[in-house]
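The residues making up each chain are set out below.
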Amino acid sequence: LPPYDYDGVEETVRDINNLSSNINMTLAKHAADLQDREDVKAGLVVHHRTTLRCKQYVLAYLWTRLQRLQGLRWELGTSVLPAQYKENLSADEQDFFNEYDEILADYIDEVDEVLT
């Protein structure tokens, strides 16, 4: 698992926030004449779709990492995360791994089987 890209995620979130602010300012500025301004409506659509695309990229990045963490837990068969993996995770990802491990351990205890 490569190191968590703090800078990339933060930059994308800033871009999303800036685009959303631009959309809101444009809507406020052109509230009275929006129906007659095809150019403004087109710009709003572009900004909105760009926002959605940025959100999609961040969510795909995070989802992929979480899936890989789940797979890593099954692969390792233990709740102890080796240092080479741990140093590449964000604090939230470490929390996710620990909570996933607890849920998995509870399930294994409940079904009384060794699944890993």
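Further up the page is the structure itself.
Computed from a predicted structure; not experimentally measured.

So, how was this worked out
- Residues numbered from 1 in each chain as written.
- Predicted model: local features only at pLDDT ≥ 70, side-chain atom pairs only at ≥ 80, totals over all residues.
- Heavy atoms only, no water.
- Core = buried A, V, L, I, M, F, W, Y, C linked by side-chain atoms within 4.5 Å.
- Buried < 20%, exposed > 50% of the residue type's maximum accessible area, 1.4 Å probe, protein only.
- Contact = heavy atoms within 4.5 Å.
- Salt bridge = Lys/Arg side-chain N within 4 Å of Asp/Glu carboxyl O.
- Helix = DSSP H or I, 4+ residues; strand = E, 2+ residues; numbered from the N terminus.

1. Things to note about the nonpolar core
Okay, step 1: Counting 5 residues, the largest nonpolar core consists of Leu-69, Leu-72, Leu-81, Leu-89 and Phe-97.
Okay, step 2: Leu-89 has contacts with Leu-1, Tyr-4, Tyr-6, Arg-65, Leu-69, Leu-81 and Gln-94, leaving out every residue within four places of it along the chain.

2. Observations concerning the pattern of salt bridges
Okay, step 1: According to the stated counting rule, one finds 5 salt bridges in the structure shown.
Okay, step 2: Glu-38 is paired through a salt bridge with Lys-41; the nearest N and O atoms lie 3.0 Å apart. Here Glu-38 pairs with Lys-41, and both are found in helix H2 (residues 38-76), just 3 residues apart, close to one helical turn.
Okay, step 3: Residue Glu-38 is classed as exposed on the basis of its relative accessible area of 54%.
Okay, step 4: On the accessibility criterion, Lys-41 (27% relative accessible area) is partly exposed.

3. Some remarks on the environment of Leu-62
Okay, step 1: Along the polypeptide, Leu-62 turns up in helix H2.
Okay, step 2: Spatially, the C-alpha atoms of Leu-62 and Tyr-4 are 9.3 Å apart, while their sequence positions differ by 58 residues.

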